[in-house]
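Here is how the chains run, residue by residue.
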Amino acid sequence: MLRSGKRGVCLTTVVTALVAIATALPASAGMMDMMSGFKKPNMKWGLLEIHPWVKVSETYDSNIYLVPKNKAGGVITGGGVVGSWITAPSAGLRLALPISAMHKIDAGYSGEGRFYSKQPKGNNNFHQSAELGYGFANGSGLSANLRDSFINTTDPAFSELVQREQRWNNTATADIGWQGGRLGVSADGAYSTNKYLSRTLGGLLNRYEVTAGVK
């Protein structure tokens, strides 16, 4: 959820393990098949598809505070440039339920811990996300989608002495379209809310965003 700054150089090694029941997938299916957009369900209960997963990533961020390099003469900007290994175990669950040939709903939740090898007291944190979606397609080119996504995350601190700022974002999106042969038309819109838990930052950075477009 958080990315290195433009000045940071990231070296990422990802080790991924998916939680699955062996009998729920064909014996010939490999790890990459299970990861490719959940095309094959891990488990089924009636029509309900259940996709649990677990992942661990190890990342090196050369500039965890997103500050400029120290200036000549020993002048330190912010808390100084600090590099750290970041261990991020995460787990989640996605559910998909086709109500009928035209209607489908899905939901998901994921949680991720981020543990820093340098200055962990001020940097270790936990992120969460959840989403709920509905899809419609009538088989004659008309389709529509509704989705609500929520994340609870943190922004990078400027130094070890500054506390990370926690915020949440909720985004609701909708789109409708029609596709017939080479001709297609669609419209979409989104409403997003960003709020910081800090009252001081909230007064400056809390915001609402509305976007809309046609294709």
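Residues numbered from 1 in each chain as written. Predicted model: local features only at pLDDT ≥ 70, side-chain atom pairs only at ≥ 80, totals over all residues. Heavy atoms only, no water.

A. Layout of the overall build of the protein chain. When helices and strands are tallied, the protein chain shows three helices and ten strands. The order of α-helices and β-strands along the protein chain, N terminus first, is β-α-β-β-β-β-α-β-β-β-β-α-β. Counting every position in the protein chain, which comprises 215 residues, the buried fraction comes to 30%. Look at the contacts in the protein chain between residues 6 or more apart in sequence, and 50% of them connect residues 24 or more apart. Surface accessibility of the protein chain: about 13,500 Å² in total, with carbon and sulfur atoms responsible for 62%. (Helix = DSSP H or I, 4+ residues; strand = E, 2+ residues; numbered from the N terminus. Buried < 20%, exposed > 50% of the residue type's maximum accessible area, 1.4 Å probe, protein only. Contact = heavy atoms within 4.5 Å. Areas by Shrake-Rupley, 256 points an atom, 1.4 Å probe, with all protein chains shown as cover.)

B. Quick peek at the environment of A101. Along the polypeptide, A101 turns up in the loop between β4 (84–98) and β5 (103–116). Accessibility expressed as a relative area gives 83% for A101, which makes it exposed. Sequence separation of A101 and N138 is 37 residues, and the distance between their C-alpha atoms is 7.9 Å.

C. Examining unusual backbone geometry more closely. Phi angles above zero are rare outside glycine, and L66 is one such case at about 55°. With relative accessibility at 36%, the residue L66 sits in the partly exposed group. At Q119, a position not held by glycine, the phi torsion is positive, near 50°. Mapping Q119 onto the fold places it in the loop between β5 and α2 (120–123).

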